[in-house]
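Close look at the chain arrangement
Here's the letter readout for the chains.
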Protein chains: 2
Amino acid sequence: MSQRKTTIREVASRAGVSLGTASNVFNGKAGVGAESRQRVLEAAEALGFRPNSLAAGLRRQRTRTIGLVVPDVLNIVFNELVEHLENIALSQSYEVIIVTSREDPEREHERVRALLSRRVDGLVIVPTRDWSATEREMRHHRIPVVVLDRVAAHDHFPSVAVDNAAATRLGTEHLLGLGHRDLAFVINSTRLWNSAARVEGFLAAMRAAGLEKRARVLLPGMTEEETRAGVLPVLTAANRPTAVFTGSNVATLGVLRAVQDAGMAIPQDLSLLAFDDFAWLTVLRPFVSAIRQPTEALAGHAWRILTAAFEAPDRPAEHIRLPAPLIARETTAAPPGKVKAPRRMKAFKDTVDGALP
Amino acid sequence: MSQRKTTIREVASRAGVSLGTASNVFNGKAGVGAESRQRVLEAAEALGFRPNSLAAGLRRQRTRTIGLVVPDVLNIVFNELVEHLENIALSQSYEVIIVTSREDPEREHERVRALLSRRVDGLVIVPTRDWSATEREMRHHRIPVVVLDRVAAHDHFPSVAVDNAAATRLGTEHLLGLGHRDLAFVINSTRLWNSAARVEGFLAAMRAAGLEKRARVLLPGMTEEETRAGVLPVLTAANRPTAVFTGSNVATLGVLRAVQDAGMAIPQDLSLLAFDDFAWLTVLRPFVSAIRQPTEALAGHAWRILTAAFEAPDRPAEHIRLPAPLIARETTAAPPGKVKAPRRMKAFKDTVDGALP
DNA sequence: ATGAAAGCGCTAACAC
DNA sequence: GTGTTAGCGCTTTCAT
């Protein structure tokens with residue numbers, strides 16, 4: 001190999017036109033004779049010409065490429081976001097370059113710098129816990145940015161996410177309505193702003209029910225294994241919760257493993273409600289009740305805001321919050337105590353002891 | 001924004017050195033005075049300099065970037081491949097640009113052209129059913145390519161995959177050993193060469209057991225929904241199989257839905273063996289027996305071969321086939337007939353009628 | 001050890 | 001409608 005690639009110059013000379021004319025053909029510019037155009041196209045075909053987008057981007061100072069930073073490619077939520085964003089982008093003849101931070105602020109920063117070096121026109125980022133360095137870099141470079149999913153209360157950049165607090169409030173009320181009183185909310189970290197909002201929604205609902213004392217928030221760590229290990233003891237304790245609400249996919253996976261280890265049955269011994277829904281939750285038993293994020297709509301807003309910023313860079317930051325519906329399936333049911341001693345519908349007043357005999 | 005980005009020239013002049021010296025600093029070239037180096041670094045920091053990799057790539061004629069073409073970002077197998085490949089690449093200070101074909105040969109071709117325009121140094125591709133156009137393009141451009149996962153019997157390019165036929169032979173023997181005689185193998189399409197190999201392994205094992213008449217191969221389509229719709233009637237027919245072996249994730253998902261629709265219980269009514277294993281299969285009930293692809297090893301080989309081709313482009317194509325282990329869990333058990341009329345261990349000789357009463 | 005200069009392949013501005 | 005030309009920002013000889 002290493003045989004030099006065909007350049008537009010060679011195409012032009014083969015077609016017997018000037019370099020500029022050939023360029024105009026490939027860029028669909030008006031003012032090229034039908035015959036010349038035809039000859040250029042033929043020459044390009046014959047020579048196997050592939051325009052060098054490095055050169056074009058360098059010259060044009062725009063790449064029609066956006067960067068997308070996600071923490072992880074193994075998380076289905078991010079996959080869906082990637083999928084939708086890429087589809088929208090392609091439909092507008094933009095491309096997206098995906099990089100992953102692996103929940104590591106340093107790697108995130110480094111990956112963003114790589115994107116900046118590639119001169120992407122804009123950036124969509126799902127940030128890590130501590131992305132201040134990354135954020136500073138982006139601000140410094142004055143590149144259009146949209147923060148997706150893991151938003152803060154007051155992001156400097158425009159942001160789009162689900163209304164996390166409302167979503168967990170909804171979920172908690174569902175559990176409460178089923179008769180649960182001892183609830184645990186399991187999430188990886190509250191350093192993520194959206195996680196904090198999820199916790200907040202959970203707590204708010206518990207508070208409204210006068211149950212704040214019975215509300216437990218577990219923060220076992222960022223991985224599935226840490227979650228399993230951290231949750232297991234509370235599941236096997238005498239005063240264990242009767243329902244667990246997980247704040248993310250990895251939390252759900254970890255809790256499920258802990259439940260396995262504890263030899264418990266869902267929903268007989270324990271109810272489970274998951275944040276983030278996807279296909280496998282609906283096909284293996286028990287079907288998991290979940291809160292579904294509208295990933296396509298999220299991606300759509302992110303794209304809209306980003307491209308608007310291409311036109312008008314200095315418009316005020318828009319902040320979108322979408323509702324996330326709850327889908328009740330098989331894992332959320334009445335607590336075990338309920339069966340033995342049916343409650344008398346005192347609406348959130350008294351208690352049913354969820355502890356096992 | 002639109003404020004011009006800092007260039008290496010500005011950095012150099014601020015540091016009081018020539019452009020070339022600054023360049024040498026950023027590329028870690030020897031022969032730069034410690035003092036100059038220091039000044040350049042400071043200037044770069046102060047100015048927020050980000051080297052323009054478009055310009056560098058254009059000049060250098062190499063981008064230290066590889067392209068990765070996958071059919072889909074929602075399939076966990078491809079996600080794992082992406083994850084591992086990206087990690088290896090980054091550790092060698094290469095980057096990877098991921099594009100998706102969505103199982104569409106035209107989109108695949110178009111995406112590969114985009115990658116070519118970006119002047120990636122090499123390509124790893126998980127091809128679609130009919131990638132002849134794509135393949136021709138790649139050959140024409142004489143760029144190093146490795147075919148991953150969806151390999152053919154005799155690929156022109158080096159290839160790495162699991163030994164598909166051996167894997168399904170293994171799986172089929174497992175089912176046979178459990179006492180099943182009426183087996184169905186469900187896969188999306190045999191136009192994928194690796195799928196063809198999977199079918200072949202299944203058939204070979206059935207033939208070896210003298211059961212070729214009882215072997216059924218179902219090709220319901222590329223989507224989960226098509227699979228569900230196509231499989232449901234055969235599951236509810238009088239002469240239904242007692243075990244289903246699915247050849248891919250989407251087939252598994254579709255079959256699971258069909259099983260749901262049919263109101264059947266796994267493994268009591270039907271055994272299920274899946275090709276491709278992952279976390280959720282091990283955490284919701286029943287735990288699904290599966291054949292696991294060693295994705296990390298696959299990615300490792302792909303990378304090794306690709307980078308070897310950077311050094312020696314004309315070496316003969318290497319073809320790697322790795323074994324894929326079977327992990328027996330809860331979904332594979334003895335067929336229902338077995339309970340009523342235990343077989344007398346005539347080793348694959350006679351039959352147990354798997355049809356339900 | 002450092003500087004000057006050529007040029008990677010392309011687009012856009014301008015001339016004809 | 002078409003051709004010419006000047007860079008885009010960088011790396012890489014080649015002098016010094």
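- As annotated in an unreviewed UniProt entry, chain A carries the name HTH lacI-type domain-containing protein and comes from Inquilinus limosus.

**Side note on the interface of chain A and chain B**
- Contacts between chain A and chain B engage 68 residues on the former and 67 residues on the latter.
- For the chain A and chain B pair, buried surface summed over both sides reaches about 6,400 Å², with 53% attributable to carbon and sulfur atoms.
- The tally of links between chain A and chain B comes to 10 salt bridges.
- The closest approach of N and O atoms between B:Glu95 and A:Arg118, which form a salt bridge, is 3.4 Å.
- Our count for the contact surface shared by chain A and chain B stands at 21 residue pairs in polar contact (both at pLDDT 80 or more).
- Breaking the side of chain A that touches chain B down by element, the ones donating at least two residues are helix 4 (53–60), helix 5 (76–91), strand 2 (95–100), helix 6 (105–117), helix 7 (132–141) and helix 11 (249–262) of chain A.
- Broken down by element, the side of chain A that touches chain B gets its largest block of residues, 8 residues, from helix 5 of chain A.

**With respect to the packing of aromatic side chains**
- Using the criterion set out here, one finds 12 aromatic pairs over all chains in the structure.
- Pairing A:Phe185 with A:Phe245 gives two aromatic rings, centres 5.1 Å apart and planes at 80°, and the pair type is edge-to-face. Taken as a pair, A:Phe185 in strand 6 (residues 183–186) and A:Phe245 in strand 8 (residues 243–246) lie far apart in primary sequence, 60 residues in all. Take A:Phe185 and A:Phe245: they sit in the same class, and that class is buried.
- A network of ring pairs unites the aromatic residues A:Tyr94, A:Trp303 and A:Phe310 as a single cluster.
- The cationic tip of A:Arg285 hangs over the ring face of A:Phe287; the distance from NZ or CZ to the ring centre is 4.3 Å.
- It is B:Arg198 that lies over the ring of B:Phe275; its NZ or CZ is 3.7 Å from the centre.

**Structural notes on the protein's contact with DNA strand C**
- Taken together, 25 residues sit near DNA strand C, with A:Ile8, A:Arg59, B:Ser18, B:Gly33 and B:Arg59 positioned nearest.
- Of what DNA strand C places within 4 Å of the protein, 69% of the atoms are sugar or phosphate.
- Interatomic distance of 3.1 Å between a backbone N/O atom of A:Asn52 and a phosphate oxygen of DNA strand C.
- Within the backbone of B:Gly33, a nitrogen or oxygen atom sits 2.5 Å from a phosphate oxygen of DNA strand C.
- For the surface near DNA strand C, the secondary structure elements donating two or more residues are helix 2 (19–26) and helix 4 of chain A together with helix 4 (53–60) of chain B.
- At 4 residues, helix 4 of chain A tops the list of elements feeding residues into the surface near DNA strand C.

About the cut-offs
Residues numbered from 1 in each chain as written. Chains lettered and ligands numbered in written order. Predicted model: local features only at pLDDT ≥ 70, side-chain atom pairs only at ≥ 80, totals over all residues. Heavy atoms only, no water. Contact = heavy atoms within 4.5 Å. Buried area = accessible area lost by both parts, 1.4 Å probe. Salt bridge = Lys/Arg side-chain N within 4 Å of Asp/Glu carboxyl O. Polar contact = N/O pair within 3.5 Å; in protein donor to acceptor, adjacent residues only side chain to side chain. Helix = DSSP H or I, 4+ residues; strand = E, 2+ residues; numbered from the N terminus. Phe/Tyr/Trp six-rings, centres within 6.5 Å; stacked < 30°, edge-to-face > 60°. Buried < 20%, exposed > 50% of the residue type's maximum accessible area, 1.4 Å probe, protein only. Lys NZ or Arg CZ within 6 Å of the ring centre and 35° of its normal. Near = heavy atom within 4 Å.

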